[in-house]
Amino acid sequence: MSSHDFRIPDLITKKKNGGSLTPKEIRFFITGVVNGEVKECKHCCRKANDEQEAETPASKKKRGTNAKAAEPTEAIKSNKRKDRKRKKNSAPETVISKRKKADTEPKEPQEPNKPGGSKEERGGQLCDGMHVEDCQLGAMLMAICWKDLTDEETVCLTKYMRDSGDLLGPWPAEWKGKVVGKHSTGGVGDKVSLILAPALAACGMKVPMISGRGLAHTGGTLDKLEAIPGLSVYASKKDITSWLEEVGCCIVGQTASLVPADKRMYAVRDVTGTIDNFGLIAGSIISKKAAEKLDALVLDVKFGVGAFMKERSEAIALAEKMVKIGNQLKIETSALITDMNNPLGKMIGNALEVAESIQCLHGNGPSDLEDLVLKLGARLLYKSGNAESTEKGEADIKKTLKNGEAVKKFQEMIINQGVDRNKAKALCAKGADMWSILPKSMFTTTIKSPMSGIVHGINALTCAKFSLALGAGRYTINDKINHAVGLELCVSIGDTVSEGKPLMIVHHDSEEMPPGMNEQLIDAFDICLSDRVASIVE
């Protein structure tokens, strides 16, 4: 059966009725998802591409040249010719009516497929001349949520999502076994990537880390990095390869041409109540990591009040699914299940977390943060064959934090990504005043303990919600971030605190904190009279 014998409504009905989609049917559907996104953007994609190039640090040096600017035009002309040919040859029932232009978002132009060569040489792009309407995509996603995906379907879906756009690489042969990555399902105070990527680079690894932004109570790695003045998270494939060659790591955003199927699917999932299906979550995460062409991947799958998954069992189920997919796609994949009932580290907020990350890179970070960095890094070194045991892996990562090699890699990485060299050196110098470089809030307020006792818990979700209310996060994707504000914890779990002593410092830009914030932040702390006695009732 050829792909043109399939019809999207029939595939939706099949899945709705509990049937399993074949690999060819999944490929056909994902092709339609991608084409539905690309068709209407050809006349504006050159502008989008030019804007992204302008944002890239490496491209700033090339602003006077016009040679590359002509390439998108040729790609558009080539795609137009291909579209006319497809329309002429396609049967009427295989062509779905065009999506409204108002529903489309400009994307980078796709290079025309070259004749011959493997799919990887063509960037893995899927393009078969049909597309899927938003309503059809929503219907299929809902059918998947009702009937779920088999393991085979999930692997196929992930594979074709990966192949829907450009892939990073191909990497040099001498990097074999050294290209590694990490993904976290998101938490409160989670700045691990800022420490782990340069530490791994200092161990000789290559870390092309494609990260995301924060939404609601979870912080985003890109938002945190952008607290550093001058830093850009936009990069081309050429930039990424060059930076890995020079430094060994980079932390950048997803380009328009990397896994475009996931971008469109996630946008529709967000408005159709189909976010929380484990098969779709796993496909979304692993497709992007697979597009990085990794040899090994470690997943930090969190559970607790401050995590997406509240129960440990849920985190284990998702981790098992992602590990299975990653391994079937030839990536050495493992996962750590980690607790997010309490914040990670002591800083919550963008510039605050950058400062804490640099302290950790100097070997002076909070013990819980450093421990997680060591555990994740050790697992990657071991699984990729670059350490004979996880114990040796931990020792190697810790050495880079103690001898200054990790912070040196971080300094080189942020210089590559646009930060002024002198500012980067001043920021990363041992014992430096980081607040001479990083944005600082206008006011601080100290939250004091109402009683003496032992700190048994700090509610991560409460902390995250108030950090968000201060402006450190965003409620919608278009909200602006205030990089200076946030929360600074003065105590850790297990600490003894006296009445009237500081529990937390709130960094804020408004002269007064929002009403009731002081009392509710005090309630975030679970303080008991002793290890055994929680309170006394008289």
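Residues numbered from 1 in each chain as written. Predicted model: local features only at pLDDT ≥ 70, side-chain atom pairs only at ≥ 80, totals over all residues. Heavy atoms only, no water.

**Observations concerning the overall build of the protein chain**
Cut-off, in case you're wondering: The helix count covers DSSP runs of H or I at least four residues long, the strand count covers runs of E at least two residues long, and both are numbered beginning at the N terminus. Accessibility here uses a 1.4 Å probe with only protein chains present; expressed as a share of the type maximum, an area under 20% marks a residue as buried, one over 50% as exposed, and anything in between as partly exposed. Any two residues having at least one pair of non-hydrogen atoms within 4.5 Å are treated as being in contact. All accessible areas in this document rest on Shrake-Rupley with a 1.4 Å probe, and a residue is counted as covered only by the protein chains that are shown.
Of the regular secondary structure elements, the protein chain holds 19 helices and twelve strands. Considering the protein chain as a whole, with its 538 residues, one finds that 53% of them fall into the buried category. By sequence separation, contacts in the protein chain at least 24 residues apart represent 78% of the contacts at least 6 residues apart. Here the protein chain has roughly 24000 Å² of accessible surface; of this, 50% comes from carbon and sulfur atoms.

**Re the nonpolar core**
The condition is simple: Throughout, nonpolar core names a set of buried Ala, Val, Leu, Ile, Met, Phe, Trp, Tyr and Cys residues whose side chains join them through atoms within 4.5 Å.
Ranked by internal contacts, the top residues of the largest apolar core, which has 81 residues, are L200, I228, F410, I414, M504, V506 and F525. Contact partners of V506, with chain neighbours within four places excluded, come to F443, T444, T445, I447, L470, G486, L487, M513, M517 and L521. Within the second largest apolar cluster, 60 residues are counted, among which are I8, L11, I240 and I285.

**Some points on the sheet that holds strand β12 (residues 525–528)**
Rule in force here: The criterion for strand pairing is that DSSP finds at least two bridges linking the strands in question.
Pairing is antiparallel across the open sheet formed by three strands, whose spatial order is β10-β8-β12. Pairing within the sheet leaves two strands with one partner each, and these edge strands are β10 (496–497) and β12. In terms of strand pairing, strand β8 (residues 453–458) meets β10 through two bridges, oriented antiparallel. Pairing of I454 across the sheet is with T496, part of β10.

**Here we look at the sheet that holds strand β11 (residues 502–508)**
Which entries qualify depends on this criterion: Here, axes are lines fitted to C-alpha atoms. For helices the fit covers the stretch in contact, and angles between N-to-C directions go from 0 to 180 degrees.
Across the sheet, which stays open at both edges, the four strands sit in the order β6-β9-β11-β7 with antiparallel pairing between neighbours. Looking at strand neighbours, the two that pair on one side only are β6 (347–348) and β7 (443–448), the edges of this open sheet. Relative to β11, strand β9 (residues 486–489) is paired through four bridges, and the arrangement is antiparallel. Bridge pairing links E488 to I505 in β11. Contacting β6, β9 and β11, helix α18 (residues 460–470) runs over the sheet at an angle of about 140 degrees to β9.

**Let's talk about the packing of helix α5 (residues 134–147) against helix α10 (residues 260–272)**
Spelled out, the test is: By the definition adopted for this analysis, an angle is roughly parallel if under 35 degrees, roughly antiparallel if over 145, roughly perpendicular if from 65 to 115, and oblique otherwise.
Where α5 meets α10, the closest approach of the two axes is 10 Å, and the angle between their N-to-C directions is 75 degrees. Here α5 lies roughly perpendicular to α10, going by the angle between them. Between α5 and α10, the contacting residues are D134, L137, G138, L141 and M142 on the first element and R264, M265, V268, R269 and T272 on the second.

**Section: unusual backbone geometry**
Omega for the bond connecting G169 with P170 falls within 30 degrees of zero, at 0 degrees, which places this linkage in the cis form. Among the secondary structure elements, P170 is positioned in the loop between α6 (151–162) and β1 (180–184). Positive phi values are uncommon outside glycine, yet D148 reaches one of about 65 degrees. On the secondary structure map, D148 appears in the loop between α5 and α6.

**Looking at the confidence of the model for the protein chain**
Note: predicted coordinates in regions of low pLDDT should not be interpreted at a detailed level. The test is simple: pLDDT measures how confident the predictor is about each residue, on a scale from 0 to 100.
Overall, the prediction assigns the protein chain a mean pLDDT of 84, with 80% of residues at 70 or greater. Low pLDDT (under 50) marks residues 37–55, which in the prediction has 42 contacts with non-local residues, meaning those over four places away or in another chain. Every residue in residues 60–129 is under pLDDT 50, and counting partners more than four places away or in other chains gives 114 contacts.

**Considering the side chain of N350**
Threshold: Two N or O atoms form a polar contact when they lie within 3.5 Å of each other; inside protein one atom must be a possible hydrogen donor and the other a possible acceptor, and for residues adjacent in sequence the pair counts only when both atoms belong to side chains.
Within the secondary structure, N350 is located in helix α13 (residues 350–361). A polar contact is formed between the side chain of N350 and the backbone oxygen of A472, at a distance of 3.0 Å. When neighbours within four sequence positions are excluded, N350 is seen to be in contact with D223, K224, A227, A472, I481, N482, H483 and V485.

**Focus: the pattern of salt bridges**
Quick reminder of the rule: Any carboxyl oxygen of Asp or Glu that lies within 4 Å of a side-chain nitrogen of Lys or Arg is treated as forming a salt bridge with it.
Under the criterion given, the structure shown has 22 salt bridges. The salt bridge involving E153 is made with K15; its shortest N-O contact spans 2.9 Å. In this pair, E153 sits in helix α6 while K15 sits in helix α1 (residues 8–16), placing the two residues 138 residues apart along the sequence. For K15, a relative accessible area of 2% puts it in the buried group. The salt bridge partner of D223 is R213, with a shortest N-O separation of 3.0 Å. Placement of D223 in helix α8 (residues 221–225) and of R213 in the loop between β2 (207–211) and α8 is noted, with a sequence separation of ten residues between them. D223 sits in the buried class, given a relative accessible area of 2%.

**Some thoughts on α6**
Test applied: Helix span is expected to be 1.5 Å times the residue number reduced by one.
Between the first and last C-alpha of α6 there are 17 Å, a value that for twelve residues agrees with the 16 Å anticipated at 1.5 Å per step. By the criterion of burial, α6 is predominantly enclosed, with nine of the twelve residues buried. Listing the buried residues of α6 in full gives E153, T154, V155, C156, L157, T158, Y160, M161 and R162.

**Description of helix α9 (residues 237–246)**
Threshold: This arc is built from the directions going out from the helix axis to the C-beta atoms.
Of all the positions in α9, only D239, I240, W243 and L244 are classed as buried. Down the axis of α9, the smallest arc covering the buried residues is 130 degrees, so these residues share one side. With respect to the buried face of α9, the exposed residues turned more than 90 degrees away are K238 and E246. Its buried side turned inward, α9 meets β2, β3 (249–253) and α16 (405–416).

**What to know about the packing of helix α11 (residues 278–290) against helix α12 (residues 312–328)**
The test is simple: Crossing handedness follows the turn of the near helix against the far one: under a right angle anticlockwise gives a left-handed crossing, and clockwise gives a right-handed one. Gly is put with the polar residues, along with every residue not named as nonpolar or charged; the nonpolar set is Ala, Val, Leu, Ile, Met, Phe, Trp, Tyr, Cys and Pro, and the charged set is Asp, Glu, Lys and Arg.
Their axes nearest at 9 Å, the elements α11 and α12 cross at an angle of 50 degrees. Classified by the angle their axes make, α11 and α12 are oblique. The way α11 lies across α12 gives a crossing that is right-handed. Only E314, A317, L318, K321, M322, I325 and G326 of α12 make contact with α11, whose side of the interface consists of F278, G279, I281, A282, I285 and I286. In terms of residue class, the contact of α11 with α12 is made up of nine nonpolar, two polar and two charged.

**Some points on the environment of C463**
By the secondary structure assignment, C463 is in helix α18. Distance in space between the C-alpha atoms of C463 and G306 is 8.9 Å, their sequence separation being 157 residues. For C463, the contacting residues outside a window of four places in its chain are P343, I348, I458, L487 and M504.

**Let's talk about the environment of T221**
In this structure, T221 sits in helix α8. Overall, T221 belongs to the buried group, its relative accessible area being 14%. Those residues in contact with T221, other than ones at most four positions away along the chain, are S193, L194, S211, G212 and I251.

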